[in-house]
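Summary of the model geometry
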Amino acid sequence: MSTAPAALLVEDLAFAYPDGHQALFGVDLRLDPGERVALLGPNGAGKTTLVLHLNGILSGGRGRVDVGGLPVRKRNLPEVRRRVGIVFQDPDDQLFMPTVGEDVAFGPRNLGLPEPEVAARVAAALEQVGMAGSADRPPHHLSFGQRRRVAVATVLSMHPEVLVLDEPSSNLDPAGRRELAEVLTGLPVTMLMVTHDLPYALQLCPRSVVLDGGVVVADGPTRDLLADADLLAAHRLELPFGFDPTRV
Amino acid sequence: MGAGHGGPLGAAYVAGGSVVHRLEPHLKLVAVLAFALVVVATPVHAGWAPAAYAGYAALVLGAAAVARVPAGRLARGLVVEVPFLAFALLLPVVSRGPRVEVLGLSLSESGLAAGGGLLAKATLSVLAATVLAATTEPRELVRGLQRLRLPALLVQILSFMVRYADVVGGELRRMRVARESRGFRGRGPGALRVVATGAGALFVRSYERGERVHLAMLSRGYTGALPAGPAAAVPAQAWLVTLSLPLTAAAVLAAGMLLG
């Protein structure tokens, strides 16, 4: 543990939805700058609820969330949302503007940046995800894999310090999955990746955290966690047939 | 998704690079609206009205020719005026006043003029709108409306409609395929219940998608307004070229009023 502020610090976070359903029961999580961490867990474990706390979409329960030392509070929300970029699972939810370029520009313009800076960031973000030259295309003309990568670009253009990805490999074909992995490993940001794709977690994230029943039940090197058959079985996590994490 | 240029809404668009295609969308909107106003302002009972209609028709068809909009596309655009057509055909029969004998039918003279005028005006206005739709992509139309200071909320609604029409259309298609794959035939009164349930499910899905899109927008700093990109200044020449359509039409109208 360093003395510098954590990139992301979650302390004793608990939350119940207005209908009474309690999703989180005291989550502790710390990500140091530059770490890539996978967030694993079965459906209904509270992963999405946790993610929505990281940029203050959900709040009001117990505990605290700090981003780079800045508490997630109402008056900090614009800066928190710049620092934490969330890429949602369905790129059609993320890409709502008529063209790719306008979508990637949406965040920077909300930050009030001058137009030349916005244009430079759009070009750079599209370049980072291998989609340079697509700015004028409408999203529905892109393949699913391309849309997923553009969705990543829409938050990269805000120069986030923490990138949060919700099921980044879902619905991708093998080539699209590999291309996205190449993009993600090249990004100089702290990364929290929510996924059911355990080999993808092993490939991209040295460390994993298992969330189940609204609490963190395991936190350690991804390879060790995936080699623990009892742990996986206890939390409805399963490796693909024939996959041996100790031999990758 | 297999949809055409601009999604299902873009079916109206005829790709091309003509001078009409390249005109600024907000100027085109102004031009079409002004043209329609001139056409509607033409008095139907004036003796010179048919000549004026012919002049307007030459203008709008000339614009269509420059834009290389195929005749079939123009004809399809006219389908929307079918209800007006029925009303226009009824007018000569039900109107009062001096009658004329046409093919054995006794028709009202003023009714004929009113019906003919209605038909001509509707056709000319729809033709102008069709040329606009055929030469401007849906998202450019929305951008044009935004530049014309349409209220921001309406611009956002239109913008999302353009973006999500093919997403929702795709869901509708998949639901239909899933229904038919399980033997649904879509006939008889019983089918209505199934289709209504499908429409309800589609509504709920779209509503939920709306919520997810809103979350994604908030996550990127949305505060209630879609930030607009830079808008290049429009040179006076572009105004002149675009507005030549309504200005010439206005000249035709003025000539008719002065000389007729």
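Procedures and definitions
Along each chain, residue indices are assigned from 1 in the same order as the chain's sequence is written. Throughout, the order in which chains and ligands are written sets their labels, letters from A for the former and numbers from 1 for the latter. Whole-chain, interface and lining totals are the exception, using all residues; otherwise, since this is a predicted model, local features are given only for residues with pLDDT of at least 70 and side-chain atom pairs are given and counted only at 80 or more. UniProt positions are given in the numbering used here, feature names are shortened, and annotations may be inferred rather than shown by experiment. The way it works is that DSSP assigns letters per residue, a run of H or I at least four long becomes a helix, a run of E at least two long becomes a strand, and they are numbered from the N terminus. What counts as a contact here is a pair of residues whose C-beta atoms, placed from the backbone, lie within 7 Å. Any residue outside Ala, Val, Leu, Ile, Met, Phe, Trp, Tyr, Cys, Pro, Asp, Glu, Lys and Arg is labelled polar, Gly included; the first ten of those are nonpolar and the last four are charged. Here, any two strands with at least 2 DSSP bridges between them count as paired. A fitted line through C-alpha atoms represents every axis, and for helices the fit uses only the stretch in contact; the resulting angles, taken between N-to-C directions, go from 0 to 180 degrees.

By the naming in an unreviewed UniProt entry, chain B is Cobalt/nickel transport system permease protein, taken from Geodermatophilus amargosae.

For chain A, an unreviewed UniProt entry supplies the name ABC transporter ATP-binding protein and the organism Geodermatophilus amargosae. Under the Subcellular location (unreviewed entry) heading, UniProt states for chain A: "Cell membrane". For chain A, the Sequence similarities (unreviewed entry) comment in UniProt is given as "Belongs to the ABC transporter superfamily."

Residue and element names in this part refer to chain B. Listed under "transmembrane region" (unreviewed entry) in the UniProt record, and renumbered for this structure, are residues 54–71, 78–95 and 115–136. Secondary structure content for residues 54–71 is 78% helix and 0% strand, and the end C-alpha separation is 17 Å. Its end C-alpha atoms 26 Å apart, residues 78–95 is made of 72% helix and 0% strand.

Right, let's talk about the interface of chain A and chain B for a bit. Counting residues at the interface gives 28 residues for chain A, matched by 26 residues for chain B. Elements that contribute at least two residues to the side of chain A that touches chain B include exactly α2 (77–83), α3 (91–94), α4 (100–110) and α6 (144–156) of chain A. The biggest single contributor to the side of chain A that touches chain B is α4 of chain A, with six residues. When the residues that make up the side of chain A that touches chain B are grouped by side-chain class, the tally is 13 nonpolar, seven polar and eight charged.

Okay, the sheet that holds strand β6 (residues 84–87) of chain A next. Residues and elements named next belong to chain A. The strand order across the open sheet formed by six strands is β6-β7-β8-β3-β9-β10, and the pairing between neighbours is mixed. Each having just a single partner strand, β6 and β10 (215–221) make up the two edges of the open sheet. For this sheet, the mean angle separating the axes of adjacent strands, direction not counted, is 20°. Bridge analysis of strand β3 (residues 36–40) against strand β9 (residues 207–212) gives four bridges, and the strand direction is parallel. What sits directly across from Leu40, in β9, is Val210.

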